[in-house]
Amino acid sequence: AEDEVALFERDMKEFWIQFKISYGTEQNNQTSALRDLCKETLEALSEKWSKKLKEEDVMIDKIHEYNNEILQQSKYIAEKEEQLTEIKSKLNQEQEQQKNLTDSIQELKKELMKKMEIKSSKNKAAKKKVEQVSKIKALFKEHLALEMRRIPDEQLQFIFRHIDHKDPDKPYVCTLSINEQGDYEVTSCTPPLDCIAELQLKLRETNNFSAFVANIRKAFTALSYK
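As recorded in an unreviewed UniProt entry, the chain goes by Kinetochore protein SPC25 and comes from Loxia leucoptera. The chain has a UniProt comment under Subunit (unreviewed entry) that states "Component of the NDC80 complex, which is composed of ndc80, cdca1, spbc24 and spbc25. The NDC80 complex interacts with mis12 and zwint." On record in UniProt, under Sequence similarities (unreviewed entry), the comment for the chain is "Belongs to the SPC25 family."

1. Some words on the packing of helix α2 (residues 196-206) against helix α3 (residues 209-224)
Relative orientation of the contacting elements α2 and α3 amounts to 170°, with a least axis distance of 9 Å. Put simply, α2 runs roughly antiparallel to α3. Regarding α2 and α3, the two cross each other, and that crossing is right-handed. Contact residues: Ile196, Leu199, Gln200 and Leu203 in α2; Phe209, Phe212, Asn215 and Ile216 in α3. Each residue belonging to the contact of α2 with α3 can be placed in one class, and the counts come to six nonpolar, two polar and no charged.

2. Quick look at the nonpolar core
Membership of the largest hydrophobic core comes to 19 residues, with the highest contact counts inside it found for Phe160, Phe212, Ile216 and Phe220. Those elements giving two or more residues to this core turn out to be β1 (146-151), β2 (155-160), β3 (172-178), β4 (184-190), α2 and α3.

3. Re the pattern of salt bridges
Inspection of every chain in the model, using the stated rule, returns four salt bridges. With its nearest N and O atoms 3.2 Å apart, the salt bridge here joins Asp103 to Lys99. Of the two residues, Asp103 and Lys99 both sit in helix α1 (residues 2-144), four residues apart, roughly one turn of that helix. A relative accessible area of 34% means that Asp103 is categorised as partly exposed. According to the relative accessible area criterion, Lys99 is partly exposed, its value standing at 48%. A salt bridge links Glu111 to Lys115, with the shortest nitrogen-to-oxygen separation between them at 3.5 Å. One end of the pair is Glu111 and the other is Lys115, both in helix α1 and four residues apart, which spans about a single turn.

How each quantity is defined
- Residues numbered from 1 in each chain as written.
- Predicted model: local features only at pLDDT ≥ 70, side-chain atom pairs only at ≥ 80, totals over all residues.
- Heavy atoms only, no water.
- UniProt positions renumbered as here; feature names shortened; annotations may be inferred.
- Axes fitted to C-alpha atoms, helices over the stretch in contact; angles between N-to-C directions.
- Helix = DSSP H or I, 4+ residues; strand = E, 2+ residues; numbered from the N terminus.
- Parallel < 35°, antiparallel > 145°, perpendicular 65-115°, else oblique.
- Left-handed = near helix turned anticlockwise from the far one by under 90°.
- Contact = heavy atoms within 4.5 Å.
- Nonpolar A, V, L, I, M, F, W, Y, C, P; charged D, E, K, R; others polar.
- Core = buried A, V, L, I, M, F, W, Y, C linked by side-chain atoms within 4.5 Å.
- Buried < 20%, exposed > 50% of the residue type's maximum accessible area, 1.4 Å probe, protein only.
- Salt bridge = Lys/Arg side-chain N within 4 Å of Asp/Glu carboxyl O.

So this is what it looks like as C-alpha cells:
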C-alpha cells in the first residue's frame, strides 16, 4: 500500500509538472502571439497615423501657401485700389481743369464778342463821323473856301481862302495838334493873329471846334482889312 501511495504521489507530481510545463508553454505562446499582435497593431496604427500626420503636414503647408497667396493677392488688390484711387483723383482733377478751361474759354469768347461788338460800334461811329467830317469838309471847301489837311506829326492844317477880297486865292493857314496833356494846341498861324492864344484857350474850355474855326476865319478876315 505504501508503494502504491508513493507511486500515486510520484505520478501526481509528474502529472502536475507536465501540466505546469504544458500550461506554461501555452501561456508563453499566447503571450508571445498577443505581443506580436500588439506589435503589429501598433506598427499598423503608427504607420496609419504617421501617414495621416504627413497628410496633415502637407495640408498645413498647402494652407500656409494658400494664406500666403491670399495675402499677396490682398496686397496686390490694395495696391491696385490705391492706384485706381490716384487715377480717379487725377481724372477728377483733369475734369475740373477741363471744366475750368472750358469756362475760361467761354468767358474769353463772351469778352471777345463784347469787344468785337464795341469795336464794331466804334467803327460804325467812326465811319459815320468820317462821313460827317467829309461832308463838313466838302461844305466848308465849297461855301467857305476852307480846306483841311492832315500833315505829319499828327497835325491838322486849316487853309482858308476867299479872305482877302483883293486876292481871293491867298491862303490863310492855321495848324492845330494835340499835346502830351491831351489839349488842343495851335502850332502855327500864318499870318500871325494877336488873339490866337485867347482862341486856343476858349477851344480847350468849350471843345467847340466849329466855333473855333469860325472865330479863326473872322480874325483872318478882320486882319485882311487892316
